[in-house]
Amino acid sequence: MNRHRVLAVAYKEWREIVRDRLFFTLAFVVPALLMLLFGYGLSLDVEDIPFAVVDYDRTAESRDYAYRFIDSRYFDFQGYVQDEHALAHLLSQNTIRAAIIIPEHFGRQLQTGRATSVQTLVDGTFPFRAMTTKGYVTALNAAANQDNIGRLLAQAKGVSLTKARDALQPVKLEVRYLYNQSVKSIWSLAPKLLMVILMISPPFLTALGVVREKESGSIFNIYSATVTRGEFLTGKLAPYVAISSLNVLILWMLTVWLFNVPFKGDFLFFLLASLIYVICTTGIGLLVSVVVQTQVAAMIVTAIVTVIPAVLYSGVLIPIPSLGPTAQGIAHLLPAMYFTNIVVGCFLKGVGWAALWTDVLILAGYAVALFGIGFFMFHKRPNL
Amino acid sequence: MTLADFTIWLRRMAVMTRKEFLQLLRDIVLLAFIVYAFTADVYLAASGVTLQLNHAATVVRDQDHSAASRELLGRFQPPYFRMDGQLASNQQGQQLLDDGHTMLTLTVPPQFEHDMQSGHQTALQMQIDATNSVLGFLASSYAAQIVGSYGLEVSLHQAGLGGGKLDALPIIENRSHVWYNPNQNDAWFMGITELLTVITVFAILLPAAAMVREKERGTVEQLLVSPLSPFQIMFPKVISMTTVILLGSGLSLFAILMPVFDLPTRGSLLLFFSLTGLYVFTTAGLGLFAATLARNLAQVGMLTILILAPMLFLSGAWTPPEAMPTWLRGMMYLSPLHYYIDIAFGILLKGLPLKALWPAISGMLMLGGTVFGFGLYRFRRQFG
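The rules we used
- Residues numbered from 1 in each chain as written.
- Chains lettered and ligands numbered in written order.
- Predicted model: local features only at pLDDT ≥ 70, side-chain atom pairs only at ≥ 80, totals over all residues.
- Heavy atoms only, no water.
- Helix = DSSP H or I, 4+ residues; strand = E, 2+ residues; numbered from the N terminus.
- Buried < 20%, exposed > 50% of the residue type's maximum accessible area, 1.4 Å probe, protein only.
- Contact = heavy atoms within 4.5 Å.
- Areas by Shrake-Rupley, 256 points an atom, 1.4 Å probe, with all protein chains shown as cover.
- Lys, Arg positive; Asp, Glu negative; His and termini not counted.
- Charge placed at Lys NZ, Arg CZ, Asp CG, Glu CD.
- Phe/Tyr/Trp six-rings, centres within 6.5 Å; stacked < 30°, edge-to-face > 60°.
- Lys NZ or Arg CZ within 6 Å of the ring centre and 35° of its normal.
- Pairing = 2+ DSSP bridges.
- Core = buried A, V, L, I, M, F, W, Y, C linked by side-chain atoms within 4.5 Å.
- Buried area = accessible area lost by both parts, 1.4 Å probe.
- Salt bridge = Lys/Arg side-chain N within 4 Å of Asp/Glu carboxyl O.
- Polar contact = N/O pair within 3.5 Å; in protein donor to acceptor, adjacent residues only side chain to side chain.
- Nonpolar A, V, L, I, M, F, W, Y, C, P; charged D, E, K, R; others polar.

**Describing the overall build of chain B**
Counting its secondary structure elements, chain B contains 14 helices and five strands. Referenced to the eigenvectors of the C-alpha coordinate spread, the extents of chain B come out at roughly 100 × 45 × 40 Å. Each of the 384 residues in chain B was classed as buried or not, and the buried ones make up 57%. Summarising the internal contacts of chain B: among those between residues at least 6 apart in sequence, 77% fall at separations of at least 24. Entry remark: accessible area of chain B is about 15,500 Å², with carbon and sulfur atoms responsible for 62%. Distance between charge centroids for chain B: 19 Å, based on 23 positive and 24 negative side chains.

**So, the packing of aromatic side chains**
Within a pair of aromatic rings, the relevant descriptors are the distance that separates the centres and the angle that separates the planes. Residues and elements named next belong to chain A. Going through the model one piece at a time under the given rule, you end up with 44 aromatic pairs over all chains. Seen in terms of ring centroids, Phe 75 and Tyr 136 are 6.3 Å apart; in terms of plane orientation they differ by 80°. Their pairing is edge-to-face. You can see Phe 75 sitting in strand S2 (residues 75–80) and its partner Tyr 136 sitting in helix H6 (residues 127–157), a full 61 residues away along the chain. Of the two residues, Phe 75 and Tyr 136, both sit in the buried class. In this arrangement the basic side chain of Arg 129 is found over the ring face of Phe 126, its NZ or CZ atom lying 4.3 Å from the centre. Residue placement shows Lys 349 over the ring face of Tyr 179; its charged tip is 5.0 Å from the ring centre.

**Digging into the pairing of strand S3 (residues 98–102) of chain A**
Residues and elements named next belong to chain A. Judged by how many residues are buried, S3 sits mostly within the fold: five of five residues are covered. Here S3 shows two buried faces, one formed by Ala 98, Ile 100 and Ile 102 and the other by Ala 99 and Ile 101. Across five bridges, the pairing between strand S1 (residues 49–55) and S3 is parallel. Its bridge partner lying in S3, Val 53 is registered against Ile 100.

**Here we look at unusual backbone geometry**
Here the residue pair B:Pro78 and B:Pro79 is connected by a cis peptide bond, since its omega of 5° sits within 30 degrees of zero. Tracing the backbone through its elements, the reader meets B:Pro79 in the loop between helix H3 (67–74) and strand S2 (81–86). Even without being glycine, A:Arg58 reaches a positive phi, approximately 50°. As for its position among the elements, A:Arg58 is in the loop between S1 and helix H3 (60–70). Here the phi dihedral of B:Asp262 falls at roughly 55°; this positive angle occurs in a residue that is not glycine. For B:Asp262, the position within the fold is in the loop between helix H9 (230–261) and helix H10 (269–293). Of the residues examined, B:Asp262 reaches a relative accessible area of 56% and is grouped as exposed.

**Observations regarding the environment of B:Asn183**
When you line up the elements, B:Asn183 lands in the loop between strand S5 (172–179) and helix H7 (186–217). Separated by 31 residues in sequence, B:Asn183 and B:Leu152 place their C-alpha atoms 28 Å apart.

**Focus on the pairing of strand S4 (residues 122–129) of chain B**
In terms of burial, S4(B) is largely enclosed, as seven of its eight residues are buried. Relative to S4(B), strand S5 (residues 171–178) of chain A runs parallel, the two sharing eight bridges. In the strand pairing of S4(B), A:Leu178 is matched with B:Asp129. Relative to S4(B), strand S3 (residues 104–108) of chain B is paired through four bridges, and the arrangement is antiparallel. Across the sheet, residue B:Thr107 finds its bridge partner in S4(B), namely B:Gln125.

**Focus on the nonpolar core**
A:Phe270, A:Phe339, A:Phe347 and B:Phe202 are the most contacted members of the largest nonpolar core, which has 175 residues in total. What A:Phe270 contacts, discounting residues up to four positions off in sequence, is A:Leu194, A:Val248, A:Trp252, A:Phe263, A:Val343, A:Cys346 and A:Phe347. One finds A:Ile100, B:Leu72, B:Met116 and B:Val154 within the second-largest nonpolar core, a separate group that totals 53 residues.

**A closer look at the interface of chain A and chain B**
Interface size is commonly expressed as the accessible area that is lost once the parts come together. In this assembly, 113 residues from chain A lie in contact with 123 residues from chain B. In total, about 10,500 Å² of surface goes out of reach between chain A and chain B, with carbon and sulfur atoms giving 67% of it. For the pair chain A and chain B, the number of links is two salt bridges. Its salt-bridge partner being B:Asp129, residue A:Lys349 comes within 4.0 Å of it at the nearest N-O pair. For the pair chain A and chain B, the number of links is 41 residue pairs in polar contact (both at pLDDT 80 or more). Among the elements that make up the side of chain A that touches chain B, the one with the highest residue count is H6(A) (19 residues). The class makeup of the residues in the side of chain A that touches chain B is 69 nonpolar, 25 polar and 19 charged.

Structural data, given as structure tokens:
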């Protein structure tokens, strides 16, 4: 490989990128903007769920019960409603996401020490939200029961209310949240967003850059030039790797300084691993560009082969051990999962080489394989 | 306009539309990926992902080995929890958590049963890998429910209250009914969301790319010196893309979502496809607008990501809108997708009739009309 030829190709590519001012700006603006948007917008905390109450009982007990929900920060009270019929309308119009229906005789049943029931309606369009809502309802209902039985126990045994309540809770649950003590969703999201964005942006840039020459026909200059395919590919991709590496730094700064996510690991290790990952994802772009003929196809193919795996099979939303066997298999076949381990390890867990060397090694293997396949599939004399 | 003029006008439109279809059909790779996106991609999203706590890998350290500890630990069951075995030491648990091999550890202290029987409060310790904050939170809330109800049973038994007859206690039973998706089937939600995402991606990208390609190759000059009006150049592109996208949506619905995932289509499918057509048509205006800003396909590719990403993420499809900061929720109303989501879920899952959809439809029409009008205006000004 001739160093001068590689540099010449890289320089030409660089000039071409820089001259297209809009494209050059977007190459940096898009990843940063995605980080900002997702970082601020992609909160999965379910709070302020709009809900309504139908109270057929209208006693002190039923009002007390309703107030447990009205006072909670998880729910956003939209008012009392006449009957269930009105609820159906509110639910279908997305005005409320949940409703509580308190039956007649609710208060009397409780006063006479007998069991009673209430109904909760939940909008199940978004299963995740429905499940979280049900969880809140169960917890608030359990607290109500504890208070009621506690009162009964206190009377029966002649002990204080606090003591009676303690007796009802012989086992406490002591929870320790590791790596993210305050369970902030941004802490768990931002490092993984870094992974997602670096999965999407470099292949996009690269695929477009290479196919552009094919579509405009300038690739024939390359075919007829003395430059070898190895030199051409190396030089062609170098600027995109450089841009993406700079993006790694920008994204890292946003994560640490803007979203205040702690970085507990070794920075140099992180940089090296990220560089390998970026080479890997650039390689995906290269492969796409070798296969397709038009830039439109390049955009769409890249979008599809990168976005889905980056979101679904990388551990962003679901940890890998919770996936089904097939999905786990797919996850292990794709590079995204390994870099997720690395970012989470570096940012939140503070582990380094010792725990993550296999992941880095596999990514490096990927990079080599992708470039190898790209190299063999790219021909200077294509069958036209 | 005379009848003859109108016939010519129609014929020109027909010829141009045919040209657009031919151009699209000739790009085999692109076509293959359009089919892939509407079938395999939707299938993967619907089958692979759940945001629910699903088989959370759990290891336990039982230091008591009593009937009570076994009883309590035995209640951590699938589908939420999956017992992955016993731990010999706390370090081993820490190691498993660090390596990401397990998500939870449960530790029962020695003397657990003894403490409970002698009326001392005891504790179950739980360590959660909170690198995924949502699942961490869910795991702790399910555990709290399990431990709470276990404790209540034990203490009621000890106090001689109830004696198995919970009816004789003032207990409120909360019955939850989940509407529209009673089993909280994630496949329905993820499948529809992915379909809407794919539709949106193509609705913006395809017309934008088709337009810029003419610009890049210079064929737009030929079109402009022809007797075609800007409208006649632009409109056929939108028609052909809308047709392709509608065919794709049909494929997705009839070949994947309905037969494979038993998605109920409770409302009128005719209404669904009409409104989808309307959505695609108006959203295409955004793509055309991007096309007037860009000079080449690479620029358009980056610009569409810039338009698409906020649209998709602000729509409330991926995250519950309730969880967003207020200013973002305000911006959400500016995304046509936001209205289209209400329409699509409303028709498919809720079975809403046309008259219940008017607020969403008018929102979509107003935004879409503005966007389309603006796209046409920019195009006219640039080429008119």
